[in-house]
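What follows is the residue order along each chain.
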Amino acid sequence: MQADLMQKIISLCKRRGFVFQSSEIYGGLRSAYDYGPLGAELKRNLMSAWWRAMVNGREDVVGLDASIIMHPRVWEASGHLAGFSDPLVDCKVCKERFRADQAPRAEQGEPVVMTFADKGRAKVAAEVVEQQFGVTLERRGKDLHGAVAGDRGYVCKVCNSPFMSEERQFNLMFRSSLGPVSPLGAIANAIEKGEFEGLAGNDLRAKIDEVTKDGAVYLRPETAQAMFVQFLNVQQSMSMKVPFGIAQMGKSFRNEITVEHFIFRSCEFEQMEMEFFCEPGTDDEWMSYWCDARMSWWQQFANDPSKFRLRPHEPDELAHYAKGCFDIEYDYPWGWGELEGIANRTDYDLKKHAQYSGAKLEYFDPQQQKKFVPYVIEPAAGATRGVLVYLLDAYHEETVEGAKGPETRVVMRFHPQLAPIKVAVLPLVKKNEMPEKAREVVQAFLARGIAASYDEQHAIGRRYRRHDEIGTPWCLTIDGQTMEDGSITLRDRDTMEQRRISIDDAVDEIQRLLAAG
């Protein structure tokens, strides 16, 4: 049932213009998605709500919009160049590539049953195993029996095969080059000079890295580092006093080995992060504050707040820089998963950047007459994951009485602040000056900055259903009575209740409803 929900969400997203597969006419690109007209509005509304809550609504947090490409020394200082990699392994049977540290565990010598989608694939797999490894397996339907786990301690996460390639490190950062000399040109020059002669394996890789590193730059894997690097500039230019925060929204890029669950994990994604700088010794108090504040923020827009939880990290889960960390998790169709992390990063990042840059990243407290390196509490949320969460939260099916008997009504119950379209204006028929009157009403909404849509296609019942399915909270219908007495029908998405209001009061009424949430 839960897997079925994801399929319904994916289908609705394409059909109604929320999310499309990137480059679809060329066969698509794995883990890349384009946000359609409604998806772009939903994501923008979510990120705008975050910015209002984290920046515009506070005196102690300011914003930053930093470059995606930063000096490569930033990533040396942060540890991303040295340690931001995963152990990568390939299954030699089904060819799936995945992280070795996330594979199902199996003790050496333990019998394993390999499983495939159908009998035909199981037969082909048995032939591959026999030809390549000299092992004869017994096929029972779509399962293969007779294999045993090797000394790796894990099996393939897809087919349960123990037949694996060697592990190799896989850097998660996207590398590019900046400047007039291309990496290919540098490699060609080195080959002509004989600099690669006699080199192989890791030695060859190290030499290639050496001759190409002068112009090497990276697409940022997170937005956080710019806020540490610009700590002093922001603090001094805005005369900020600790405690204070720097917030940033924007795209980050990770060359993920495993991409999964639609837009949950992809190579290009948007983040909403804030670094809150506080005096050491007050960090535990601020950690508690931000955990409560962030959980409350996510739940306020949800139909079912119980599907969010706050989970503390176990000691073996903590990043090397973290004193403590909590995840705000959501109960996705496949189980609980991360939506936002709140970490106590201590003074690790500021000290590292001070060490690598030579700059003194300290704060002078005029009241205490002392200098210190602030501790940092970091609430880091995924905007694209937030979009998926509220798509899942909003999706609702119910049986209603239609013109031809009972029918299923699909409703996206978005919070009005997040809904892509706030109000739809519908002329009952395309004559008797109703379309002209409806367009006047739409223009009145647009003039007030309220996202409104004009819709005249199909019967009025089908239009109501269409706007239910895209999450429009209210519909206004222009009919014959409107032309007589200036009243208009206001329909509520969730209750389907209708009432008459004055056309002159329509914009004010929708504004009132939006403010009420």
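Calculation rules
Residues numbered from 1 in each chain as written. Predicted model: local features only at pLDDT ≥ 70, side-chain atom pairs only at ≥ 80, totals over all residues. Heavy atoms only, no water. Pairing = 2+ DSSP bridges. Helix = DSSP H or I, 4+ residues; strand = E, 2+ residues; numbered from the N terminus. Axes fitted to C-alpha atoms, helices over the stretch in contact; angles between N-to-C directions. Contact = heavy atoms within 4.5 Å. Parallel < 35°, antiparallel > 145°, perpendicular 65-115°, else oblique. Left-handed = near helix turned anticlockwise from the far one by under 90°. Nonpolar A, V, L, I, M, F, W, Y, C, P; charged D, E, K, R; others polar. Core = buried A, V, L, I, M, F, W, Y, C linked by side-chain atoms within 4.5 Å. Buried < 20%, exposed > 50% of the residue type's maximum accessible area, 1.4 Å probe, protein only. Salt bridge = Lys/Arg side-chain N within 4 Å of Asp/Glu carboxyl O. Lys, Arg positive; Asp, Glu negative; His and termini not counted. Expected span 1.5 Å × (residues − 1). Arc of directions from axis to C-beta. Phe/Tyr/Trp six-rings, centres within 6.5 Å; stacked < 30°, edge-to-face > 60°.

### Considerations on the sheet that holds strand β24 (residues 474-478)
Thinking step 1. Spatially, five strands are ordered β23-β22-β24-β25-β26 in an open sheet, and the strand pairing comes out mixed. Each having just a single partner strand, β23 (452-454) and β26 (498-502) make up the two edges of the open sheet. In this sheet, neighbouring strand axes are inclined to one another by 25 degrees on average, regardless of whether the strands run parallel or antiparallel.
Thinking step 2. The sheet strands contacting helix α14 (residues 460-470) are β22 (423-427), β23, β24, β25 (487-492) and β26, and the helix crosses β22 at an angle near 170 degrees.
Thinking step 3. On the sheet, helix α16 (residues 506-516) packs against β22, β24, β25 and β26 and is oriented at approximately 125 degrees with respect to β26.

### Here's the deal with the packing of helix α6 (residues 183-192) against helix α7 (residues 201-212)
Thinking step 1. Orientation of α6 relative to α7, taken along the N-to-C sense of each, is 120 degrees, at an axis distance of 9 Å. As judged from the angle between their axes, α6 and α7 are oblique. Considering only the axes of α6 and α7, their crossing is right-handed. The residues of α7 that touch α6, namely those facing P183, A186, I187 and A190, are I208, V211 and T212.
Thinking step 2. By residue class, the composition of the contact of α6 with α7 is six nonpolar, one polar and no charged.

### What about the nonpolar core?
Thinking step 1. Counting 58 residues, the largest nonpolar core has F18, W298, F308, Y390 and L391 as the members making the most contacts within it.
Thinking step 2. Ignoring anything within four residues of it in the chain, the contact list for Y390 reads L46, W297, W298, F301, A302, F308, F414 and L418.
Thinking step 3. Within the second largest apolar cluster, 27 residues are counted, among which are A216, L361, Y363 and V373.

### Observations regarding the pattern of salt bridges
Thinking step 1. One pass over the full model with this rule turns up 40 salt bridges.
Thinking step 2. Taking the shortest distance from any N to any O, the salt bridge between D494 and R493 comes out at 2.8 Å.
Thinking step 3. Given the relative accessible area of 29%, D494 is considered partly exposed.
Thinking step 4. Each of E398, E407, R409, R413, R465, D468, R491, R493 and D494 takes part in one network of salt bridges that share partners.

### Considerations on the side chain of R385
Thinking step 1. Note on placement: R385 falls in helix α12 (residues 383-394).
Thinking step 2. For the buried residue R385, which engages in no salt bridge, the nearest side chain bearing the opposite charge is E338, 4.4 Å off.
Thinking step 3. Among residues more than four places away in sequence, those in contact with R385 are F264, R265, Y332, E338 and L339.

### What about helix α13 (residues 434-447)?
Thinking step 1. Look at α13: 20 Å from first C-alpha to last across 14 residues, which is about the 20 Å you get at 1.5 Å a residue.
Thinking step 2. Taken residue by residue, α13 has M434, P435, A438, V441, V442 and F445 as its buried positions. Along α13, the residues classed as buried sweep out an arc of 120 degrees about the axis, all on the same side. Away from its buried face, by an angle of more than 90 degrees, α13 presents the exposed residues E440, Q443 and A447.
Thinking step 3. Just downstream of α13, G449 is the residue with a positive phi angle, here 80 degrees.

### Some points on the environment of A66
Thinking step 1. In this structure, A66 sits in the loop between β3 (61-63) and α3 (72-78).
Thinking step 2. Sequence separation between A66 and A226 is 160 residues; the distance between their C-alpha atoms is 6.3 Å.

### Details of the sheet that holds strand β7 (residues 138-140)
Thinking step 1. The sheet built from three strands is open, its strands ordered β6-β8-β7 with antiparallel pairing. Here the strands that pair on one side only, and so sit at the sheet edges, are β6 (111-115) and β7. Averaged over neighbouring strand pairs, the angle between their axes works out to 30 degrees when direction is ignored.
Thinking step 2. In terms of strand pairing, β7 meets strand β8 (residues 143-148) through three bridges, oriented antiparallel. Bridge pairing in β8 links R139 to L144.

### Details of the packing of aromatic side chains
Thinking step 1. Summed over all chains, the structure comprises 23 aromatic pairs.
Thinking step 2. Look at Y33 and F262: their rings are 5.2 Å apart centre to centre, the planes differ by 80 degrees, and that puts the pair in the edge-to-face class. Remark: F262 occurs in the loop between β12 (244-253) and β13 (268-278) and Y33 occurs in strand β2 (residues 33-35); sequence separation between them is 229 residues.
Thinking step 3. Classification of F262 by relative accessible area gives buried; the value is 10%.
Thinking step 4. With centroids separated by 5.1 Å and ring planes inclined at 65 degrees, the aromatic side chains of F308 and Y330 adopt a geometry described as edge-to-face. In this pair, F308 sits in strand β14 (residues 308-312) while Y330 sits in strand β15 (residues 324-332), placing the two residues 22 residues apart along the sequence.
Thinking step 5. Using a relative accessible area of 5% as the deciding quantity, one classes F308 as buried.
Thinking step 6. Of the residues examined, Y330 reaches a relative accessible area of 2% and is grouped as buried.
Thinking step 7. Cluster of aromatic residues (ring-pair linked, three or more members): F264, F308, Y330, Y332 and W334.

### Concerning unusual backbone geometry
Thinking step 1. The peptide bond linking V242 to P243 adopts the cis configuration, its omega dihedral lying at 10 degrees.
Thinking step 2. By the secondary structure assignment, P243 is in the loop between α9 (231-237) and β12.
Thinking step 3. The phi dihedral of F262 is positive, around 65 degrees, even though this residue is not glycine.
Thinking step 4. The phi angle at M496 is positive, at roughly 65 degrees, despite the residue not being glycine.
Thinking step 5. With respect to the helices and strands, the residue M496 is situated in the loop between β25 and β26.
Thinking step 6. M496 gets classed as partly exposed once you look at its relative accessible area, which sits at 29%.

### Topic: the pairing of β13
Thinking step 1. Within β13, ten of the eleven residues are buried, which leaves the element mostly enclosed by the surrounding structure.
Thinking step 2. For β12 and β13, the ladder comprises ten bridges, and the chain directions are antiparallel. Each bridged residue has a counterpart across the sheet, and for F253 the counterpart in β13 is E268.
Thinking step 3. Relative to strand β19 (residues 375-382), β13 runs antiparallel, the two sharing six bridges. Residue pairing for β19: C278 is matched across the bridge by Y375.

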